[in-house]
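If you want the building blocks of each chain, they are given just below.
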Amino acid sequence: MRAAVAEGVNAPLSLIERDVPDPGAGEVLVKVTACGVCYSDLNLLQGKYAFARFPVIPGHEVTGVVTAVGDGVTFPEVGTTVGAQFLYDSCGHCNYCVRGEQILCPRKRITGVVTDGGYAEYAVFKAGFVTPLPSGLDPVQAAPLMCAGITAYNGLRHAGATPNSRVAVIGAGGIGTLAIRYAVAMGARVAVVGRSRRGEDAAKAMGAELYVSTDESPAAETLKTWDGGADVILNAAPSSTAAAETLGGLAPDGTLILCGYSAYPLSLPVQPMVLNRLRVMASPSGSPHDLRDTLAFSAQHQILPAITAITLDEAPETLDAMAAGRARGGRGVITFA
Ligand SMILES: [Zn+2]
Ligand SMILES: [Zn+2]
(Lines give C-alpha, C1' and ligand atoms only; values in the text may rest on other atoms or scores of the structure.)
(Ligands and ions follow the chains in the order given, each with its own letter.)
Protein backbone atom coordinates (compact mmCIF):
# COMPACT_ATOMS: atom_id res chain seq x y z
CA MET A 1 0.00 0.00 0.00
CA ARG A 2 0.99 3.62 -0.44
CA ALA A 3 1.65 5.60 2.72
CA ALA A 4 3.21 8.88 3.85
CA VAL A 5 5.59 8.54 6.79
CA ALA A 6 6.87 11.17 9.20
CA GLU A 7 10.46 10.09 9.83
CA GLY A 8 11.26 12.61 12.56
CA VAL A 9 11.05 16.23 13.67
CA ASN A 10 11.46 18.73 10.81
CA ALA A 11 12.02 15.91 8.30
CA PRO A 12 9.91 15.93 5.12
CA LEU A 13 7.15 13.32 4.79
CA SER A 14 8.36 10.26 2.84
CA LEU A 15 5.96 8.67 0.37
CA ILE A 16 6.60 4.94 0.57
CA GLU A 17 5.26 1.53 -0.39
CA ARG A 18 4.54 -0.77 2.56
CA ASP A 19 2.71 -4.06 3.26
CA VAL A 20 -0.94 -3.80 4.26
CA PRO A 21 -0.99 -4.34 8.06
CA ASP A 22 -2.81 -7.31 9.63
CA PRO A 23 -5.45 -6.56 12.27
CA GLY A 24 -4.55 -8.16 15.61
CA ALA A 25 -6.99 -9.31 18.29
CA GLY A 26 -9.59 -6.62 18.93
CA GLU A 27 -8.56 -4.64 15.86
CA VAL A 28 -10.08 -3.80 12.48
CA LEU A 29 -8.39 -3.17 9.16
CA VAL A 30 -9.82 -0.09 7.46
CA LYS A 31 -9.45 0.73 3.76
CA VAL A 32 -9.08 4.48 4.04
CA THR A 33 -11.53 6.57 2.02
CA ALA A 34 -10.39 9.97 3.28
CA CYS A 35 -8.10 11.57 5.86
CA GLY A 36 -8.16 15.24 6.83
CA VAL A 37 -4.91 17.18 7.01
CA CYS A 38 -4.97 18.87 10.42
CA TYR A 39 -2.83 21.51 12.12
CA SER A 40 -2.04 18.81 14.69
CA ASP A 41 -0.21 16.93 11.90
CA LEU A 42 1.91 20.03 11.50
CA ASN A 43 2.50 20.07 15.27
CA LEU A 44 3.75 16.49 14.99
CA LEU A 45 6.19 17.35 12.19
CA GLN A 46 7.38 20.45 14.03
CA GLY A 47 8.21 18.44 17.16
CA LYS A 48 5.46 19.87 19.36
CA TYR A 49 4.40 16.44 20.66
CA ALA A 50 7.10 15.24 23.02
CA PHE A 51 5.36 11.83 23.21
CA ALA A 52 5.46 11.21 19.41
CA ARG A 53 6.99 7.93 18.21
CA PHE A 54 8.83 8.23 14.90
CA PRO A 55 8.65 6.91 12.26
CA VAL A 56 4.86 7.22 12.22
CA ILE A 57 2.12 7.54 9.59
CA PRO A 58 0.23 10.76 10.48
CA GLY A 59 -3.51 11.36 10.17
CA HIS A 60 -6.32 11.21 12.73
CA GLU A 61 -9.34 12.43 10.73
CA VAL A 62 -10.04 9.14 9.04
CA THR A 63 -13.05 7.63 7.32
CA GLY A 64 -13.02 4.28 5.55
CA VAL A 65 -14.50 0.83 5.19
CA VAL A 66 -13.72 -2.14 7.45
CA THR A 67 -12.22 -4.83 5.20
CA ALA A 68 -11.02 -7.36 7.80
CA VAL A 69 -11.36 -7.93 11.53
CA GLY A 70 -9.01 -9.51 14.06
CA ASP A 71 -9.79 -12.22 16.63
CA GLY A 72 -12.70 -11.51 18.92
CA VAL A 73 -14.19 -8.64 16.92
CA THR A 74 -17.96 -8.87 16.41
CA PHE A 75 -18.52 -5.14 15.83
CA PRO A 76 -18.07 -3.32 13.51
CA GLU A 77 -18.61 -5.89 10.76
CA VAL A 78 -16.68 -6.10 7.50
CA GLY A 79 -18.19 -3.61 5.06
CA THR A 80 -19.11 -0.98 7.68
CA THR A 81 -18.07 2.60 6.94
CA VAL A 82 -16.43 4.02 10.07
CA GLY A 83 -14.60 7.07 11.35
CA ALA A 84 -11.40 7.00 13.40
CA GLN A 85 -10.22 9.91 15.49
CA PHE A 86 -7.36 11.47 17.51
CA LEU A 87 -7.88 9.03 20.40
CA TYR A 88 -6.43 5.70 19.24
CA ASP A 89 -7.09 3.72 22.41
CA SER A 90 -6.87 3.87 26.20
CA CYS A 91 -6.17 1.55 29.13
CA GLY A 92 -9.77 0.39 29.54
CA HIS A 93 -9.75 0.10 33.33
CA CYS A 94 -8.92 3.45 34.93
CA ASN A 95 -11.71 5.54 36.49
CA TYR A 96 -11.96 7.70 33.33
CA CYS A 97 -12.14 4.73 30.98
CA VAL A 98 -14.86 2.97 32.96
CA ARG A 99 -16.85 6.24 32.97
CA GLY A 100 -16.64 6.43 29.17
CA GLU A 101 -14.22 9.38 29.36
CA GLN A 102 -11.40 7.56 27.59
CA ILE A 103 -10.04 10.86 26.25
CA LEU A 104 -8.94 11.66 29.84
CA CYS A 105 -7.15 8.31 30.36
CA PRO A 106 -3.56 8.85 31.53
CA ARG A 107 -2.48 6.00 29.25
CA LYS A 108 -4.36 7.05 26.13
CA ARG A 109 -2.57 6.78 22.80
CA ILE A 110 -2.92 9.28 19.97
CA THR A 111 -3.61 8.25 16.38
CA GLY A 112 -0.99 9.33 13.87
CA VAL A 113 1.35 10.50 16.64
CA VAL A 114 2.06 7.36 18.68
CA THR A 115 0.40 4.82 16.35
CA ASP A 116 0.04 4.83 12.56
CA GLY A 117 -2.85 6.88 11.18
CA GLY A 118 -4.68 7.60 7.96
CA TYR A 119 -2.08 8.99 5.54
CA ALA A 120 -2.14 5.51 3.94
CA GLU A 121 -4.38 3.31 1.85
CA TYR A 122 -5.02 1.04 4.84
CA ALA A 123 -4.85 1.49 8.59
CA VAL A 124 -5.49 -0.68 11.65
CA PHE A 125 -7.63 0.66 14.49
CA LYS A 126 -9.09 -0.69 17.74
CA ALA A 127 -12.61 -1.96 17.11
CA GLY A 128 -13.94 -0.17 20.20
CA PHE A 129 -12.54 3.18 19.11
CA VAL A 130 -13.98 3.50 15.60
CA THR A 131 -17.46 4.89 15.12
CA PRO A 132 -19.89 3.84 12.38
CA LEU A 133 -20.63 6.75 10.08
CA PRO A 134 -24.34 7.64 10.13
CA SER A 135 -26.03 7.34 6.75
CA GLY A 136 -26.36 10.70 5.04
CA LEU A 137 -22.83 11.83 5.84
CA ASP A 138 -20.47 11.87 2.87
CA PRO A 139 -17.31 10.04 4.04
CA VAL A 140 -14.95 12.49 2.33
CA GLN A 141 -16.61 15.65 3.63
CA ALA A 142 -17.13 14.04 7.04
CA ALA A 143 -13.44 13.23 7.63
CA PRO A 144 -12.63 16.51 9.45
CA LEU A 145 -15.57 15.92 11.80
CA MET A 146 -13.39 13.24 13.48
CA CYS A 147 -11.21 16.04 14.90
CA ALA A 148 -12.38 19.60 14.17
CA GLY A 149 -16.03 18.54 14.49
CA ILE A 150 -15.80 16.64 17.76
CA THR A 151 -13.57 19.35 19.26
CA ALA A 152 -16.07 22.10 18.43
CA TYR A 153 -19.20 20.16 19.38
CA ASN A 154 -17.82 18.73 22.60
CA GLY A 155 -16.26 22.05 23.59
CA LEU A 156 -19.63 23.78 23.28
CA ARG A 157 -21.46 21.26 25.38
CA HIS A 158 -18.80 21.01 28.09
CA ALA A 159 -18.81 24.80 28.34
CA GLY A 160 -22.59 24.77 28.84
CA ALA A 161 -23.98 26.04 25.52
CA THR A 162 -27.77 25.60 25.72
CA PRO A 163 -30.75 26.86 23.70
CA ASN A 164 -30.96 30.66 23.99
CA SER A 165 -27.57 30.96 25.69
CA ARG A 166 -25.24 33.55 24.16
CA VAL A 167 -22.21 31.91 22.55
CA ALA A 168 -19.31 33.92 21.11
CA VAL A 169 -16.88 32.14 18.80
CA ILE A 170 -13.41 33.60 18.25
CA GLY A 171 -11.98 32.73 14.85
CA ALA A 172 -13.90 31.30 11.90
CA GLY A 173 -11.42 28.71 10.60
CA GLY A 174 -11.90 24.93 10.62
CA ILE A 175 -13.02 24.49 14.25
CA GLY A 176 -14.58 27.96 14.48
CA THR A 177 -16.88 27.59 11.47
CA LEU A 178 -18.16 24.26 12.77
CA ALA A 179 -18.61 25.74 16.27
CA ILE A 180 -20.70 28.59 14.83
CA ARG A 181 -22.94 26.18 12.94
CA TYR A 182 -23.27 23.71 15.83
CA ALA A 183 -24.12 26.52 18.26
CA VAL A 184 -26.79 27.90 15.89
CA ALA A 185 -28.23 24.39 15.44
CA MET A 186 -28.26 23.90 19.24
CA GLY A 187 -30.52 26.95 19.44
CA ALA A 188 -27.93 29.26 20.98
CA ARG A 189 -27.61 32.94 20.06
CA VAL A 190 -24.25 33.36 18.36
CA ALA A 191 -21.67 36.13 18.03
CA VAL A 192 -18.52 35.79 15.95
CA VAL A 193 -15.31 37.59 16.85
CA GLY A 194 -12.89 38.31 14.02
CA ARG A 195 -10.21 40.83 13.27
CA SER A 196 -11.56 42.69 10.25
CA ARG A 197 -15.12 42.95 8.92
CA ARG A 198 -14.15 40.54 6.12
CA GLY A 199 -15.79 37.55 7.80
CA GLU A 200 -19.03 39.32 8.71
CA ASP A 201 -21.21 38.26 5.76
CA ALA A 202 -20.18 34.59 6.09
CA ALA A 203 -20.84 34.67 9.86
CA LYS A 204 -24.30 36.19 9.39
CA ALA A 205 -25.08 33.68 6.64
CA MET A 206 -24.33 30.88 9.13
CA GLY A 207 -26.84 32.39 11.56
CA ALA A 208 -24.71 34.64 13.79
CA GLU A 209 -26.67 37.63 15.10
CA LEU A 210 -23.63 39.71 16.00
CA TYR A 211 -20.22 40.21 14.42
CA VAL A 212 -17.43 41.78 16.45
CA SER A 213 -14.42 43.27 14.68
CA THR A 214 -11.43 43.59 17.00
CA ASP A 215 -9.89 46.07 14.54
CA GLU A 216 -12.67 48.47 15.51
CA SER A 217 -13.06 47.93 19.25
CA PRO A 218 -11.95 45.49 21.97
CA ALA A 219 -14.07 42.34 21.81
CA ALA A 220 -14.68 42.32 25.57
CA GLU A 221 -16.36 45.76 25.46
CA THR A 222 -18.60 44.90 22.53
CA LEU A 223 -19.60 41.52 23.96
CA LYS A 224 -20.49 43.16 27.28
CA THR A 225 -23.14 45.24 25.44
CA TRP A 226 -24.71 42.02 24.08
CA ASP A 227 -27.45 41.61 26.73
CA GLY A 228 -24.81 41.62 29.46
CA GLY A 229 -22.17 39.43 27.83
CA ALA A 230 -21.61 35.95 26.46
CA ASP A 231 -22.43 32.88 28.54
CA VAL A 232 -19.80 30.95 26.58
CA ILE A 233 -16.80 32.22 24.66
CA LEU A 234 -15.23 29.47 22.55
CA ASN A 235 -11.75 30.27 21.33
CA ALA A 236 -11.03 28.56 18.02
CA ALA A 237 -8.15 30.89 17.11
CA PRO A 238 -4.58 29.63 17.61
CA SER A 239 -3.90 32.29 20.23
CA SER A 240 -4.36 31.98 24.00
CA THR A 241 -3.72 35.68 24.59
CA ALA A 242 -6.46 36.80 22.15
CA ALA A 243 -8.84 34.57 24.08
CA ALA A 244 -7.77 35.95 27.46
CA GLU A 245 -8.44 39.50 26.24
CA THR A 246 -12.10 38.63 25.63
CA LEU A 247 -12.64 37.37 29.20
CA GLY A 248 -14.29 40.68 30.22
CA GLY A 249 -16.97 39.97 27.61
CA LEU A 250 -18.35 37.06 29.65
CA ALA A 251 -21.65 37.38 31.50
CA PRO A 252 -21.61 36.33 35.19
CA ASP A 253 -21.26 32.55 35.56
CA GLY A 254 -19.81 32.45 32.04
CA THR A 255 -17.16 30.14 30.64
CA LEU A 256 -14.22 30.82 28.37
CA ILE A 257 -13.24 27.60 26.63
CA LEU A 258 -9.95 27.15 24.82
CA CYS A 259 -10.18 24.83 21.82
CA GLY A 260 -7.52 26.80 19.99
CA TYR A 261 -4.42 27.89 21.88
CA SER A 262 -0.80 28.91 21.59
CA ALA A 263 2.17 28.05 23.76
CA TYR A 264 2.19 31.36 25.66
CA PRO A 265 1.17 31.24 29.33
CA LEU A 266 -2.18 32.83 30.09
CA SER A 267 -2.42 35.99 32.15
CA LEU A 268 -5.94 36.48 33.54
CA PRO A 269 -7.60 39.25 35.58
CA VAL A 270 -8.55 37.27 38.69
CA GLN A 271 -10.73 39.72 40.61
CA PRO A 272 -13.49 40.01 37.97
CA MET A 273 -13.31 36.22 37.62
CA VAL A 274 -13.95 35.82 41.35
CA LEU A 275 -16.67 38.47 41.56
CA ASN A 276 -18.56 37.00 38.60
CA ARG A 277 -17.78 33.31 39.10
CA LEU A 278 -16.15 32.98 35.70
CA ARG A 279 -14.55 29.79 34.44
CA VAL A 280 -11.68 29.21 32.05
CA MET A 281 -11.37 25.69 30.72
CA ALA A 282 -9.65 23.87 27.90
CA SER A 283 -10.97 20.91 26.00
CA PRO A 284 -9.43 18.12 23.96
CA SER A 285 -11.35 16.28 21.25
CA GLY A 286 -13.45 13.61 22.97
CA SER A 287 -14.22 9.98 23.74
CA PRO A 288 -15.96 7.42 21.49
CA HIS A 289 -19.41 8.37 22.81
CA ASP A 290 -18.66 12.03 22.05
CA LEU A 291 -17.80 11.16 18.45
CA ARG A 292 -21.09 9.27 18.10
CA ASP A 293 -22.98 12.32 19.37
CA THR A 294 -21.02 14.67 17.08
CA LEU A 295 -21.66 12.55 13.99
CA ALA A 296 -25.36 12.06 14.79
CA PHE A 297 -25.85 15.80 15.34
CA SER A 298 -23.89 16.63 12.17
CA ALA A 299 -26.00 14.21 10.13
CA GLN A 300 -29.26 15.48 11.61
CA HIS A 301 -28.43 19.11 10.81
CA GLN A 302 -26.29 18.39 7.72
CA ILE A 303 -23.31 20.22 9.19
CA LEU A 304 -20.26 19.36 7.10
CA PRO A 305 -17.09 21.39 6.66
CA ALA A 306 -15.82 23.00 3.49
CA ILE A 307 -12.99 20.84 2.14
CA THR A 308 -10.48 20.63 -0.69
CA ALA A 309 -9.88 17.07 -1.87
CA ILE A 310 -6.18 16.29 -2.45
CA THR A 311 -4.12 13.20 -3.26
CA LEU A 312 -1.63 11.58 -0.87
CA ASP A 313 1.19 13.00 -3.00
CA GLU A 314 -0.16 16.51 -2.41
CA ALA A 315 -0.13 16.15 1.40
CA PRO A 316 3.42 17.52 1.88
CA GLU A 317 2.69 20.70 -0.07
CA THR A 318 -0.64 21.15 1.74
CA LEU A 319 1.21 20.94 5.08
CA ASP A 320 3.84 23.41 3.80
CA ALA A 321 1.07 25.84 2.81
CA MET A 322 -0.52 25.50 6.27
CA ALA A 323 2.86 26.11 7.95
CA ALA A 324 3.35 29.23 5.85
CA GLY A 325 -0.19 30.51 6.53
CA ARG A 326 -1.10 30.10 2.85
CA ALA A 327 -3.83 27.44 3.29
CA ARG A 328 -7.03 28.44 1.49
CA GLY A 329 -10.34 26.94 0.46
CA GLY A 330 -11.37 24.66 3.33
CA ARG A 331 -9.60 21.80 5.01
CA GLY A 332 -7.36 19.64 2.81
CA VAL A 333 -8.66 16.07 2.78
CA ILE A 334 -6.56 13.26 1.32
CA THR A 335 -8.78 10.95 -0.73
CA PHE A 336 -7.96 7.50 -2.04
CA ALA A 337 -9.49 6.16 -5.23
ZN1 LIG B 1 -6.98 17.15 14.01
ZN1 LIG C 1 -7.78 4.50 31.16
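All values derive from a computational prediction rather than experimental measurement.

**Looking at the environment of Gly-128**
Part 1 of the reasoning: Along the chain, the position of Gly-128 falls in the loop between strand 8 (122-126) and strand 9 (130-132).
Part 2 of the reasoning: Distance in space between the C-alpha atoms of Gly-128 and Tyr-264 is 36 Å, their sequence separation being 136 residues.

**Regarding the packing of helix 4 (residues 148-158) against helix 10 (residues 288-301)**
Part 1 of the reasoning: Their axes nearest at 9 Å, the elements helix 4 and helix 10 cross at an angle of 95 degrees. Put simply, helix 4 runs roughly perpendicular to helix 10. Of the residues in helix 10, those touching helix 4 at Gly-149, Ile-150, Tyr-153 and Asn-154 are Asp-290, Leu-291, Thr-294, Phe-297 and Ser-298.
Part 2 of the reasoning: Looking at the contact of helix 4 with helix 10 residue by residue, the class counts come to 4 nonpolar, 4 polar and 1 charged.

**A closer look at the domain arrangement of the protein**
Part 1 of the reasoning: Segmenting the protein into domains produces domain 1 (2-147 + 286-335) and domain 2 (152-282).
Part 2 of the reasoning: On a C-alpha basis, the centres of domain 1 and domain 2 stand 28 Å from each other.
Part 3 of the reasoning: On the side of domain 2, 8 residues touch domain 1, which itself brings 9 residues to the contact.
Part 4 of the reasoning: Counting residues per element, the side of domain 1 that touches domain 2 draws most heavily on helix 10, which supplies 4 residues.
Part 5 of the reasoning: Partitioning the side of domain 1 that touches domain 2 into residue classes produces 4 nonpolar, 3 polar and 2 charged.

**Quick look at the pairing of strand 11 (residues 189-194)**
Part 1 of the reasoning: For strand 11, a buried count of 6 out of 6 residues is recorded, marking the element as mostly surrounded by other parts of the structure.
Part 2 of the reasoning: Sheet topology note: the strand 10 (residues 166-170)/strand 11 ladder contains 5 bridges and is parallel. Its bridge partner being in strand 11, Ala-168 is matched across the sheet by Ala-191.
Part 3 of the reasoning: A crossover links strand 10 with its parallel partner strand 11, the connecting element being helix 5 (residues 174-185), and its sense is right-handed.
Part 4 of the reasoning: Note that the unit made of strand 11, helix 6 (residues 200-205) and strand 12 (residues 210-213) has a crossover that is right-handed.

**A short note on the sheet that holds strand 11**
Part 1 of the reasoning: In spatial order, the strands read 12-11-10-13-14-15; together these 6 strands make up an open sheet with parallel pairing. The open sheet has two edge strands, strand 12 and strand 15 (279-282), and neither has a second partner. On average, each strand axis in the sheet is inclined to that of its neighbour by 20 degrees, with strand direction left out of account.
Part 2 of the reasoning: Note: strand 13 (residues 230-235) against strand 14 (residues 250-258), 5 bridges, orientation parallel. The partner of Val-232 across the bridge, within strand 14, is Thr-255.
Part 3 of the reasoning: Contacts from helix 5 reach strand 10, strand 11 and strand 13, with the element oriented near 170 degrees to strand 10.

**Looking at the environment of Val-30**
Part 1 of the reasoning: Counting through the fold element by element, Val-30 comes out in strand 3 (residues 27-36).
Part 2 of the reasoning: In this view, Val-30 contacts Gly-64, Val-65, Val-66, Val-82, Ala-84, Tyr-122, Ala-123 and Phe-125; residues no more than four positions away in its chain are not counted.

**With respect to unusual backbone geometry**
Part 1 of the reasoning: For the bond from Phe-54 to Pro-55, the omega torsion is -10 degrees, close enough to zero to count as cis.
Part 2 of the reasoning: Position of Pro-55 among the secondary structure elements: in the loop between helix 1 (39-45) and strand 4 (62-69).
Part 3 of the reasoning: Put simply, Phe-75 and Pro-76 share a cis peptide bond, and its omega is -5 degrees.
Part 4 of the reasoning: Its place among the elements puts Pro-76 in the loop between strand 4 and strand 5 (81-84).
Part 5 of the reasoning: The backbone phi angle of Asp-253 is positive, close to 70 degrees, even though this residue is not glycine.
Part 6 of the reasoning: The residue Asp-253 is located in strand 14 in this model.
Part 7 of the reasoning: Accessibility expressed as a C-beta count within 10 Å gives 11 for Asp-253, which makes it exposed.
Part 8 of the reasoning: Although it is not a glycine, Arg-277 adopts a positive phi angle of roughly 50 degrees.

Thresholds applied
Residues numbered from 1 in each chain as written. Chains lettered and ligands numbered in written order. Predicted model: local features only at pLDDT ≥ 70, side-chain atom pairs only at ≥ 80, totals over all residues. Helix = DSSP H or I, 4+ residues; strand = E, 2+ residues; numbered from the N terminus. Axes fitted to C-alpha atoms, helices over the stretch in contact; angles between N-to-C directions. Parallel < 35°, antiparallel > 145°, perpendicular 65-115°, else oblique. Contact = placed C-beta atoms within 7 Å. Nonpolar A, V, L, I, M, F, W, Y, C, P; charged D, E, K, R; others polar. Domains from an automatic or database assignment. Buried ≥ 20, exposed ≤ 12 C-beta atoms within 10 Å, placed from the backbone. Pairing = 2+ DSSP bridges. Right-handed = clockwise from strand over helix to strand, strands pointing away.

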